Amino acid sequence: SYYGKEKEKSIFKLTPRNSINSTGLGGLFVAETAEKLTAQQLVLSSRYKYHELSSTKGQAFYTSEEGDVSSVETSLTWIGKWAEWSITVPIQNWSLSAPRTFRTRADSNNGLGNIKLGFKYTDMKDHSYYRFALGLACTCDTGNSNNMAPAGSKDETTTKIFGCVTTKETDKATANLELGALLNKEDEDWFLYNFGVTYEVTDRVSFIWEICGEVAGGDDKDNMDMVFGFRLAPVKDFTFETAYYRNLRTYREYGWDNQFQIGVSKQW
């Protein structure tokens, strides 16, 4: 195929949609997928994300208040014969001026965020039009929660356990469903769900759309984002991506309405 190296025969062909997600594993922009990437290769990827802060726990900031967060997440991923392993290191910068909401003066900072370690078991059988994968990811307490909280770094270690199924809808389209749990996120266990579809616009361009959510027990504690964007493979083993996130429901301590992302990945 044009995109990437040859791999074992599968119901899925490699297209520009096949790249690294925000956890550092093979997937869409947010969700993990069950598609098996070419084994015995190393992937270096990096994503830049930017959003303006606008709320806390669902309560909008006052008119005069503002803030923003920018992050560069760099992932190193090893695609093995039966699993994927990854490490993702975020460097973040934030500024916040919301004295009425948080009772603090305007401030800003930059530094290391919470590092993610990911694992996905991919050595499952292809069925007639679908396949499964499962794994876990750990968000480690490496960021300084006092200095980097507005950027999302908290004084906690959260473990994500997930399973996903990817289905072949047509020669150009796939659907993906991921279900799982977030353990010890803000001292609670959260249920997570991610649904996505992809469409191969051309041999070099894929469209991706996702609905991503997480729910804690009761009291409207849930986050939901709609994500859509494109991945482009202009040359072999290199992918460029751009994505837009629209928040639909938020219980984040430092909430936002819109987020923008660009990224690249290179395979060896």
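See above for the structure.
It should be emphasised that the depicted structure is a prediction, and the values quoted were computed from it without experimental measurement.

**Q** Help me understand the overall build of the chain, please; the structure alone is not making it clear to me.
**A** A count of helical and extended segments in the chain gives 2 helices and 16 strands. The principal-axis extents of the C-alpha atoms in the chain amount to approximately 60 × 35 × 30 Å. Residue burial in the chain is summarised as follows: out of 268 residues, 50% are buried. When contacts within the chain are restricted to residue pairs at least 6 apart in sequence, long-range pairs at least 24 apart make up 59% of them. As presented, the chain carries roughly 12400 Å² of accessible surface, and 57% of it is formed by carbon and sulfur atoms. When the 30 basic and 35 acidic side-chain charges of the chain are each reduced to a single mean position, those positions are 6 Å apart.

**Q** Any chance you could explain the side chain of S153 here in plain terms?
**A** Note that S153 resides in the loop between α2 (145–148) and β10 (158–168). Owing to a relative accessible area of 2%, S153 belongs among the buried residues under this scheme. Among the polar contacts listed, one links the side chain of S153 to the side chain of Q92, at a separation of 3.3 Å. Among the polar contacts listed, one links the side chain of S153 to the backbone nitrogen of N114, at a separation of 3.5 Å.

**Q** Just checking my understanding: could you explain the side chain of K49 for this structure?
**A** Counting through the fold element by element, K49 comes out in strand β3 (residues 41–56). Using a relative accessible area of 12% as the deciding quantity, one classes K49 as buried. For K49, the contacting residues outside a window of four places in its chain are S22, V69, S70, S71, E73, Y245, Q259, F260 and Q261.

**Q** I'm lost on the pairing of strand β8 (residues 116–121) in this one. Help?
**A** Pairing between strand β6 (residues 83–97) and β8: 6 bridges, direction antiparallel. Each residue of the ladder has a partner; that of E84, found in β8, is K120. One ladder, built from 6 bridges, connects β8 with strand β9 (residues 130–139); its direction is antiparallel. What sits directly across from L117, in β9, is C138.

**Q** Hey, could you run me through the packing of aromatic side chains in this one?
**A** The geometry of an aromatic ring pair is captured by two quantities: the separation of the ring centres and the angle between the planes. Under the criterion given, the structure shown has 14 aromatic pairs. Centroid distance W82 to F119: 6.2 Å. Interplanar angle 65 degrees. Geometry classified as edge-to-face. A residue pair is termed long-range when its members are at least 10 positions apart, and W82 in the loop between β5 (66–79) and β6 and F119 in strand β8 qualify at 37 residues. Note on W82: relative accessible area 42%, which makes it partly exposed. Using a relative accessible area of 24% as the deciding quantity, one classes F119 as partly exposed.

**Q** When you look at empty space enclosed by the protein in this model, what are you seeing that I'm missing?
**A** Gaps left between atoms show up when a probe the size of a water molecule is rolled over them. Counted under the stated rule, the structure contains 3 cavities of 30 Å³ or more. Estimates place the volume of the largest cavity at around 1300 Å³. Forming the walls of the largest cavity are 42 residues, and the residues nearest its centre are K116, G152, K185, E214 and R252. For the lining of the largest cavity, the element with the most residues is β5, which contributes 4 residues.

**Q** Even after reading the chapter, I still don't get the nonpolar core, so can you show me in this structure?
**A** If you look at soluble globular proteins, the nonpolar side chains tend to sit buried side by side. In this structure, L53, F61, V69, W94, L96, A98, F102, M148, A149, A151 and Y254 together form the largest nonpolar core, which totals 11 residues. Once residues within four sequence positions are removed from consideration, Y254 is found in contact with L53, S55, L96, F102, A149 and P150. Formed by 8 residues, the second largest nonpolar core is a distinct cluster that contains F29, I208, C212 and W256.

Cut-off values and rules
Residues numbered from 1 in each chain as written. Predicted model: local features only at pLDDT ≥ 70, side-chain atom pairs only at ≥ 80, totals over all residues. Heavy atoms only, no water. Helix = DSSP H or I, 4+ residues; strand = E, 2+ residues; numbered from the N terminus. Buried < 20%, exposed > 50% of the residue type's maximum accessible area, 1.4 Å probe, protein only. Contact = heavy atoms within 4.5 Å. Areas by Shrake-Rupley, 256 points an atom, 1.4 Å probe, with all protein chains shown as cover. Lys, Arg positive; Asp, Glu negative; His and termini not counted. Charge placed at Lys NZ, Arg CZ, Asp CG, Glu CD. Polar contact = N/O pair within 3.5 Å; in protein donor to acceptor, adjacent residues only side chain to side chain. Pairing = 2+ DSSP bridges. Phe/Tyr/Trp six-rings, centres within 6.5 Å; stacked < 30°, edge-to-face > 60°. 1 Å grid on protein atoms, 1.4 Å probe; cavity = no way out; pocket = protein on both sides within 12 Å on 5 of 7 lines; lining within 4 Å. Points joined across faces, edges and corners; volume = space filled by probe spheres on them. Core = buried A, V, L, I, M, F, W, Y, C linked by side-chain atoms within 4.5 Å.

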